[in-house]
Each structure stands twice: as structure tokens, then as C-alpha cells.
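Letter by letter, the chains look like this.
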Amino acid sequence: MSRYFVHPAIAVGACLVVPVERVDVEQGRSGRARWFSAGRGIHALVIRDSHGLRALDAEGESLPLEDLDQLVPGLIRSVPTLRGEKL
């Protein structure tokens, strides 16, 4: 199971960066033993600058904003504008 968390925007020069974190939780059973595993890491960065809004995955490759917005509903509308307002 994966859950996604959006962190507050960080101003870097003339752009805003919004980190999106993924937390994975797994559990299972092997015979009489049970196991549990969890991990977390950056899933994507949403960037707003003078060129507009875009997203990069953890490897730095372009990620469609629509795909990211499906994983984290309302994400795109929640990214502040460069003036600090909401869309």
C-alpha cells in the first residue's frame, strides 16, 4: 500500500518547489511468522517558475501533472502561485 504526502512549498530563488513523498507499507505471513516493512522517499517534485508548472519524478524525469494529480487529488490546485496566492 502506498500513500502520498505533500510537503509545504519551498522558495528557491524565483521558483517554488513542492516535494511529494511516498510512504510504502507492506505486510505478509510466512508459515507461523509475520513480517512488516515500511519505507519512504521522494516520489516527485512539483516546480512552479516563470515557465509555468511542471513535475519531475525521483530520477529527475518529466512526470505528467495529470498523473500526479490522480495520485494526490487536488495537488495541482493547492500549489501556490509565485505571488503566494492559491490557484
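So, how was this worked out
Residues numbered from 1 in each chain as written. Predicted model: local features only at pLDDT ≥ 70, side-chain atom pairs only at ≥ 80, totals over all residues. Heavy atoms only, no water. pLDDT = per-residue confidence, 0-100. Helix = DSSP H or I, 4+ residues; strand = E, 2+ residues; numbered from the N terminus. Pairing = 2+ DSSP bridges. Salt bridge = Lys/Arg side-chain N within 4 Å of Asp/Glu carboxyl O. Buried < 20%, exposed > 50% of the residue type's maximum accessible area, 1.4 Å probe, protein only.

### Some thoughts on the confidence of the model for the protein chain
Note: predicted coordinates in regions of low pLDDT should not be interpreted at a detailed level.
(1) Moving on: The pLDDT averaged across the protein chain works out to 88; a share of 92% of its residues lies at or above 70.
(2) Moving on: Model confidence for the protein chain, summarised as mean pLDDT per element, is weakest for helix α2 (residues 75–78) at 83 and strongest for strand β6 (residues 62–63) at 94.

### Details of the pairing of strand β4 (residues 33–49)
Remember that side chains alternate between the two faces of the sheet whenever the strand is regular.
(1) Moving on: Note: strand β3 (residues 15–30) against β4, 15 bridges, orientation antiparallel. In the strand pairing of β4, proline 19 is matched with leucine 45.
(2) Moving on: Counting the residues that bridge the hairpin from β3 to β4 gives two residues, and of these glycine 31 lies at a positive phi of roughly 65°.
(3) Moving on: Bridge count for β4 against strand β5 (residues 52–57) is six bridges, and the pairing is antiparallel. Note that in β5 the partner of aspartate 49 across the bridge is glycine 52.
(4) Moving on: Hairpin connection, β4 to β5: the antiparallel pair is bridged by two residues.

### Observations regarding the pattern of salt bridges
Two side chains bearing opposite charge may form a pair once their charged atoms approach each other closely.
(1) Moving on: Taken as a whole and assessed by the stated rule, the structure comprises three salt bridges.
(2) Moving on: We note a salt bridge from glutamate 21 to arginine 40, for which the minimum N-O separation is 2.6 Å. Separated by 19 residues along the polypeptide, glutamate 21 in strand β3 and arginine 40 in strand β4 bring together distant segments of the chain.
(3) Moving on: Judged by its relative accessible area of 9%, glutamate 21 falls in the buried class.
(4) Moving on: Judged by relative accessible area, arginine 40 falls into the exposed class, the value being 66%.

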